[in-house]
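# Working through the structure, step by step
What follows is each chain in one-letter form.
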Amino acid sequence: MLIGEVARRSGVSARMLRHYDTLGLVRPTGRSGSGYREYSGDDLRRLFQVESLRSLGLSLREVGRALDGPGFAPAELVDDLIRQARERLATETALLTRLRRIGAAEPADWADVLQTVALLQALGSESAGRRQRAALSAAEGPTPVEALVEAVLSESDPNVAGALRWALARSGDAAPALLAKALDAPAAATRQRAVQALAALPGDATTAPLRDALAHPDTAVRRGAALALGARGLTDAIPTLVDMVAEEANDVDAADALSALAGDPAVAEQIATGLVARLAPGATGAPVRRRLAQALAGIPGDTAARALGELSRDEDRGVAVTAGYVLTLRDASFGGGG
């Protein structure tokens, strides 16, 4: 079969066939009656082998080694091709993500595009100072919210994280939903950063995901949600806040949140009942009773006063002294037992 016929049937151009011939990859071995070089059946099989290997991403040099090298190891080459493909995929995915973020910022002109590119580069900098400056400048122009969310979820520097949360609070309405989704991220650190960022966002859009987070299997997420909701005056957080006091998990902040919630007498009674329930005889050690006594200091009402009176006679001197001191403070703050 002459070169033109091979090109027509194989889809490989005559120019490429001549290139293969020059490289020694596929050389026609036959001759026609007129003296023209012809491709034999073995030559055509060789051509299809070359094209098959090229379709896997091999260079022509690698194809030659694969077909003619005596020590060629196909498994090693395939593993290497897989690695290269993954690297290309990662690069293309990163580019696609960046393009989507630039598009989400709705740039009006190329100046906006360049500004967004500069912001994305700065947010990914190894310098904490540069990342912080980028976060603080994010509110000055078109801001890709997804990029800010990703940055705050991966940021370990507290100062940079604070700046990113500040920028998110000014970035529009998309952030709460993105952060709520991150509450189920595989990494515990990501989940904790998500609940911290949700707590820092103003508005009602974050209340629902924070309430849902009170039932989250991750204890840190539940506690972060409870502190945020307690600060907003929502009583859903009371059981978790009581647990935090008893378990010495941000117990001072939890006690402050309970005290702030206790302005309503009915709520104060609910809180006092919850705290007293953790004082069941034999169920708590002296450190727990001492923390509960301290938390009861900010809760008005007879239930809290009676519990403190009992604790002032506790067998552990530290607990008794703490409760007695708290009762003195209550007398000054609440006017006696109430």
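Below or above, wherever it landed, is the structure these notes cover. These numbers were taken from a predicted model, which means no experiment stands behind them.

As a further point, take the side chain of E155. Here E155 lies in the loop between α8 (145-154) and α9 (158-169). Overall, the relative accessible area of 8% leaves E155 in the buried class. A distance of 2.8 Å separates polar atoms of two side chains, one belonging to E155 and the other to R131. A polar atom in the side chain of E155 sits 2.9 Å from the backbone nitrogen of D157. Leave out the neighbours within four places in its chain, and E155 touches R131, V160, A161, L164 and R193.

We now examine the pattern of salt bridges. Under the definition given, this model contains 15 salt bridges. Where R191 meets D218, a salt bridge forms, and the shortest distance between an N and an O atom there is 2.8 Å. A residue pair is termed long-range when its members are at least 10 positions apart, and R191 in helix α11 (residues 188-200) and D218 in the loop between α12 (207-213) and α13 (219-231) qualify at 27 residues. Here D218 falls in the buried class, since its relative accessible area comes to 11%. The residue R291 makes a salt bridge to E248 at a minimum N-O spacing of 3.3 Å. One end of the pair, R291, is in helix α17 (residues 286-296); the other, E248, is in the loop between α14 (238-246) and α15 (251-261), and 43 residues separate them in sequence. Accessibility expressed as a relative area gives 10% for R291, which makes it buried.

Looking now at α15. Looking at α15, one finds that the buried residues are D251, A254, A255, A257, L258 and L261. For α15, the angular spread of the buried residues around the axis is 160°, confining them to a single face. Seen from the open side of α15, the exposed residues pointing more than 90 degrees away from its buried face are V252 and A260.

It is worth spelling out the environment of A66 at this point. With respect to the secondary-structure elements, A66 resides in helix α4 (residues 60-68). Spatially, the C-alpha atoms of A66 and V50 are 9.4 Å apart, while their sequence positions differ by 16 residues. Sequence-distant contacts of A66, defined by excluding residues within four places in its chain, comprise L53, L58, F72 and L77.

The next subject is the nonpolar core. Of all hydrophobic cores here, the largest spans 70 residues; its most connected members are L168, L179, L241, L258, I271, L275 and I299. For I271, the contacting residues outside a window of four places in its chain are I238, L258, L261, A262 and I299.

Cut-offs used in this document
- Within each chain, residues carry numbers counting from 1 in the order of the written sequence.
- pLDDT decides what is reported in this predicted model: residues at 70 or higher carry local features, side-chain atom pairs at 80 or more are listed and counted, and totals for whole chains, interfaces and linings draw on all residues regardless.
- Side-chain descriptors were evaluated using all non-hydrogen atoms of the structure, hydrogens and water having been removed beforehand.
- A run of DSSP states H or I qualifies as a helix once it reaches four residues; a run of E qualifies as a strand once it reaches two. Both are numbered from the N-terminal end.
- Any residue under 20% of the maximum accessible area for its type is buried, any over 50% is exposed, and the rest in between are partly exposed; the area is computed with a 1.4 Å probe on protein chains only.
- Two N or O atoms count as a polar contact when they lie within 3.5 Å, although within protein this holds only if one can serve as hydrogen donor and the other as acceptor, and sequence-adjacent residues are included solely when both atoms are side-chain atoms.
- In what follows, residue pairs with any heavy atoms lying within 4.5 Å of each other are defined as contacts.
- Salt bridges are identified by distance alone: a Lys or Arg side-chain nitrogen within 4 Å of an Asp or Glu carboxyl oxygen.
- To obtain the arc, one takes the directions from the helix axis to the C-beta atoms.
- We call a set of buried Ala, Val, Leu, Ile, Met, Phe, Trp, Tyr and Cys residues a nonpolar core when their side-chain atoms join them within 4.5 Å.

It is worth stressing that arrangement in space is one thing and function is another; only the former is reported here.
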